[in-house]
Number of protein chains: 2
Amino acid sequence: MQPVEFRVTYESPNTWARLGELQTSHGVIQTPVFMPVGTQATVKAMSPRELVEVGAHIVLANTYHLYLRPGHQLVERAGGLHEFMAWNRSILTDSGGFQVFSLGELRKITEEGVTFRSHLDGSKHFISPEISMEIQMALGADIAMAFDECAPYPADYQYTKDSMELTSRWARRCKASHQREDQALFGIVQGGMYADLRKQSADDLVSLEFPGYGIGGLSVGEPKELMYELLEITVPRLPVDKPRYLMGVGSPDCLLEGVSRGIDMFDCVLPTRIARHGTVFTRNGTMTVRNAAYSQDFLPLDPDCDCYVCQNFSRAYIRHLLNTGEILGVRLTTIHNLRFLIRLMEEIRESISQNTLPEFREGFLERYYGGCS
Amino acid sequence: MQPVEFRVTYESPNTWARLGELQTSHGVIQTPVFMPVGTQATVKAMSPRELVEVGAHIVLANTYHLYLRPGHQLVERAGGLHEFMAWNRSILTDSGGFQVFSLGELRKITEEGVTFRSHLDGSKHFISPEISMEIQMALGADIAMAFDECAPYPADYQYTKDSMELTSRWARRCKASHQREDQALFGIVQGGMYADLRKQSADDLVSLEFPGYGIGGLSVGEPKELMYELLEITVPRLPVDKPRYLMGVGSPDCLLEGVSRGIDMFDCVLPTRIARHGTVFTRNGTMTVRNAAYSQDFLPLDPDCDCYVCQNFSRAYIRHLLNTGEILGVRLTTIHNLRFLIRLMEEIRESISQNTLPEFREGFLERYYGGCS
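Residues numbered from 1 in each chain as written. Chains lettered and ligands numbered in written order. Predicted model: local features only at pLDDT ≥ 70, side-chain atom pairs only at ≥ 80, totals over all residues. Heavy atoms only, no water.

## Overview of the overall build of chain A
As a reminder, the rule being used: Secondary structure elements are defined from DSSP: runs of H or I of at least 4 residues count as helices, runs of E of at least 2 residues count as strands, and each element is numbered from the N terminus. Note that the radius of gyration is over C-alpha atoms, with the globule rule given as 2.2 Å times the number of residues to the power 0.38. When a residue's accessible area, from a 1.4 Å probe over protein chains only, is under 20% of the maximum for its type it is buried; when over 50% it is exposed; and in between it is partly exposed. Calculation of accessible area relied on Shrake-Rupley with a 1.4 Å probe; when residues are assessed, cover is drawn exclusively from the protein chains displayed. Two residue types count as positive, namely Lys and Arg, and two as negative, namely Asp and Glu; His and chain ends fall outside the count. Taken as the charge centre is NZ of Lys, CZ of Arg, CG of Asp or CD of Glu, depending on the residue.
For chain A, the count of helices and strands is 15 helices and 16 strands. For a compact globule of 373 residues, the expected C-alpha radius of gyration is about 21 Å, and chain A comes in at 20 Å, within 12% of that figure. Residue burial in chain A is summarised as follows: out of 373 residues, 61% are buried. Accessible surface, chain A: about 13700 Å² in total, of which carbon and sulfur atoms supply 47%. When the 36 positive and 46 negative side-chain charges of chain A are each reduced to one mean point, those points stand 4 Å apart.

## A look at the packing of aromatic side chains
Our working rule: Ring pairs shown here join Phe, Tyr and Trp side chains whose ring centres sit within 6.5 Å, with only the six-membered ring taken for Trp; geometry is labelled stacked below 30 degrees between planes, edge-to-face above 60, and tilted in between. Any Lys NZ or Arg CZ found within 6 Å of a ring centre and within 35 degrees of that ring's normal is scored as a charge over the ring.
Tallied over the full model, the rule gives 30 aromatic pairs over all chains. The interplanar angle of 80 degrees and the centroid separation of 5.2 Å between the aromatic rings of Y157(B) and Y194(B) together place this pair among those described as edge-to-face. Placement of Y157(B) in helix α7 (residues 157-177) and of Y194(B) in the loop between β11 (184-189) and α8 (195-207) is noted, with a sequence separation of 37 residues between them. Aromatic rings pair up to connect F281(A), F340(A), F360(A), F364(A), Y368(A) and Y369(A) into one cluster. Above the ring of Y308(A), the side-chain terminus of R49(B) is found at 3.4 Å from the ring centroid. Over the face of the ring belonging to F210(B) we find K175(B), whose NZ or CZ atom lies 5.5 Å from the ring centre.

## Some remarks on helix α15 (residues 357-369) of chain B
All names here are of chain B. For clarity, the threshold we go by: One less than the number of residues in a helix, times 1.5 Å, gives the span that helix is expected to have. Taking the helix axis as origin, the arc is that swept by the directions to the C-beta atoms. For this analysis, residues touch if any pair of their heavy atoms sits within 4.5 Å.
Taking 1.5 Å per residue, 13 residues should reach 18 Å; α15 reaches 17 Å between its end C-alpha atoms and fits that length. Restricting attention to buried positions, one finds in α15 the residues L357, R361, F364, L365 and Y368. Relative to the axis of α15, the buried residues are bounded by an arc of 95 degrees and lie together on one face. In this structure, the buried residues of α15 make contact with α10 (252-260), β15 (279-282), β16 (285-288) and α14 (327-353). Positive backbone phi, approximately 60 degrees, marks G370, located one or two places after α15.

## Quick look at the confidence of the model for chain A
Let me state the cut-off plainly: Per residue, pLDDT measures the predictor's confidence, with a range of 0 to 100.
Residues of chain A with pLDDT of at least 70 account for 99%, and the chain-wide mean is 96. For this predicted complex, the interface confidence comes out at an ipTM of 0.97, alongside a pTM of 0.98.

## What about unusual backbone geometry?
A cis amide bond links R69(B) to the next residue, P70(B), at an omega of 5 degrees. Inspection of the secondary structure assignment puts P70(B) in the loop between α2 (63-68) and α3 (72-77). The amide bond that connects Y153(B) to the next residue, P154(B), takes the cis arrangement and shows omega of -5 degrees. Within the secondary structure, P154(B) sits in the loop between β10 (143-145) and α7. A positive phi angle, close to 60 degrees, is found at N355(A), a residue other than glycine. Its location among the elements puts N355(A) in the loop between α14 (327-353) and α15 (357-369).

## A few points about the sheet that holds strand β9 (residues 124-127) of chain A
All names here are of chain A. Stated precisely, the cut-off is as follows: The criterion for strand pairing is that DSSP finds at least two bridges linking the strands in question. Structural elements are reduced to axes, namely lines fitted to C-alpha atoms, with helices fitted over the stretch in contact, and the angle between N-to-C directions of any two is expressed from 0 to 180 degrees.
Taken together, the three strands give an open sheet; going across it, the order is β7-β8-β9, and neighbouring strands pair in antiparallel fashion. Each edge of the open sheet is held by one strand with a lone partner, namely β7 (107-109) and β9. Within this sheet the neighbouring strands show an average axis-to-axis angle of 15 degrees, counted without direction. Taken together, the three bridges between β7 and strand β8 (residues 114-117) define a ladder with antiparallel strand orientation. By the bridge assignment, K108 is partnered in β8 with T115.

## Observations concerning the sheet that holds strand β12 (residues 213-215) of chain A
Residue and element names in this part refer to chain A. One open sheet accounts for eight strands, arranged β4-β14-β13-β12-β11-β10-β6-β5; its pairing is parallel. Two strands close off the open sheet at either side, each with one partner strand: β4 (33-35) and β5 (58-61). Ignoring which end each strand starts from, the neighbouring axes of this sheet average 25 degrees apart. Relative to strand β11 (residues 184-189), strand β10 (residues 143-145) runs parallel, the two sharing three bridges. Bridging from a neighbouring strand, I143 pairs with A184 of β11.

## Things to note about helix α13 (residues 315-323) of chain B
Summarising burial for α13(B): eight of the nine residues are buried, a large majority. Within α13(B) the residues assigned to the buried category are R315(B), A316(B), Y317(B), I318(B), R319(B), H320(B), L321(B) and L322(B). Structurally, α13(B) contributes buried residues whose contacts are with α2 (63-68) and α4 (81-85) of chain A together with β16, α12 (308-312) and α14 of chain B. Of the residues flanking the end of α13(B), it is G325(B), one or two places downstream, whose phi is positive at about 75 degrees.

## Comments concerning the relation of the copies chain A and chain B
The test is simple: Overlaid copies result from least-squares superposition on C-alpha atoms, with residues included only where pLDDT is at least 70 in both.
Once chain A has been moved 0.0 Å along the axis and rotated by 180 degrees, it coincides with chain B to within an RMSD of 0.0 Å. Both copies of the chain, as the preceding transformation shows, are related through a two-fold rotation axis. Within chain A, the C-alpha atom positioned nearest to the axis of rotation is that of I327(A), 3.8 Å from it. Of the interface residues in chain A, 100% have counterparts in chain B that sit at the interface too, so the contact is made through matching surfaces.

## A closer look at the interface of chain A and chain B
Selection rule: Two parts lose some accessible area (1.4 Å probe) when they are put together, and adding that loss for both gives the buried area. Within this document, salt bridges are pairs made up of a side-chain nitrogen of Lys or Arg and a carboxyl oxygen of Asp or Glu, the two lying within 4 Å of each other. Polar contact is defined as a pair of N or O atoms within 3.5 Å, subject to the rule that within protein one atom must be able to donate a hydrogen and the other to accept it, and that residues adjacent in sequence are counted only when both atoms are side-chain atoms.
Counting from both sides, the interface comprises 37 residues of chain A and, opposite them, 37 residues of chain B. A combined buried area of about 3300 Å² lies between chain A and chain B, and 56% of that area is made up of carbon and sulfur atoms. At the junction of chain A with chain B, the criterion picks out six salt bridges. E50(B) is the salt-bridge partner of R331(A), the closest N and O atoms lying 2.9 Å from each other. On inspection of chain A and its partner chain B, the count reaches 16 residue pairs in polar contact (both at pLDDT 80 or more). Listed by contribution, the elements that provide at least two residues to the side of chain A that touches chain B are α1 (48-54), α3 (72-77), α4, α12 (308-312), α13 (315-323) and α14 of chain A. With five residues, α13(A) is the largest single contributor of residues to the side of chain A that touches chain B.

Here is the structure:
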């Protein structure tokens, strides 16, 4: 028995989309799936039971943050991440790579690994592929990610090529050092904005036979059309029987376009982050409910939504809470935004099963973006 | 049918405590009761369903804050406070007096009312007894409070006497102008730290025949023993068949001592305020779980507690959340603290019915304060 079993249950005849079931020791996840981000072992403002209520079956946690605070050994002593954060559904941890590379001047990359300074106190740290595996094994998520280098955007061809090849060598080292039998290790395809490098990276990773594949280094500032083109080049080179995870992507249009190109998994801080700034998703596009325009608006955030918030609270009340700095305001916008994206994925899965994904996508985008996405 | 019906169901033979049922159009409240404070139409960090879960049957909201933001007319247009904040159990609003008088230099008192400047933007406002009634009728709580002057502590005899007499005159004006049939208006006894003034105030208020009586101006800095003495002077002058509400008091020892002296209702920001600073109640006294001492402590906040938090989360996790500024940390300490006080009241009611309140009180205080309260 593998730590993660993936089964494609239906293939769309008119798109690259497919339905699947991802089984971990903490449950079955219907794919395509959106994973809320719980950076510090908590999805910001949410309780575990609220995550269950909005329909989350898997959340992501960030290795870099948990390594710094509270430390992976402490999480291990607590019985692992599931026990520590009281979440008995599935968890995926990233490798720490993306966060470390985001530190910019604070980090230095060598063949061996990355030396960096903590964004919290400037203290010096070193993470290698082997150390990333050690940390992730201690955290004990159902799915760990290989330690990769995410090239900046823009980056020239030679830098991107060197970086991609380093990521392939690191992927091999990750696989060699990873040894937790109840945890799956996914590889990550890199290659920046260059089609031939994306192909090479995919081929390198696939040769290592991972049980799933992340596609990293996209949605980093490039035009969305370019991202979609690169997906069309990358996805066909990945095994059909393994899950494909487009990392850090979660706007409604990208979810629809990603699924249509064969992506099974997504994560993004977008819904929780914009919620904290008082912005919510609606069927008619985003709405900044914090604005004074909503101070006397007694409608729910989205009259079409089935979430706890939209069943009980008005825009005027939520606007009052945000305006007065009350915690409940951010709680309510967060619940709604997560439910919105997770419900969108439910509807996407339904449309795949009905062979109506293209029509659903067009109808949704027309209404959401008023015709221009 | 009165807007509020109160029935004493049991009188303790060995203390002044009694059990009662306070019926409003939003349900029955078992007394003695602790009321969480929802200053801005939200009990900080809590959702309405979490308030139900911790056992709250009535919450307090602050007239002064809601008058400023979002404004009582807006709340009225929303359908009243219950509808606005999605809370279908009972609500009590204070009169705004205490907050206005807390503004110190920013306010000026005349016979007519109080002129003050907003703590938010310095704008000038005027509240009279009639205006307080108008605001509270618009807010639409089940119980409104008369507009009183809360004398500062310490205050000399003459100041306190004049202030108490003003409060009595204002109480008469409140009663004359209050006209909402589904809302009860309680009077407030003042009189500072002077026994004869407390007696006079109680007699004045009782002559006006309110359906309930607040006791204000206590727990303002005086020794607790003095507060208890003043309760012993005041309570016997109040009608036995009306609820008695000790305003702004909520530490475990004061709840026990207040109930033992015949108090039926309490409110206090203490449990929610200390929660936001990372301090929680336990049977063995308060604990500042934010401290590093708890970083590897995998016990629940209070192993004897039945709340959601203590059933699911460890001190180490909550300490991590507080330490990293995560909203869930404050949510969890708040839920626990409110459940702790509400459960204490449940146990107090049980002990009254068993005629064991004195023993329960001694046992609780012995353990909570280690013998010295």
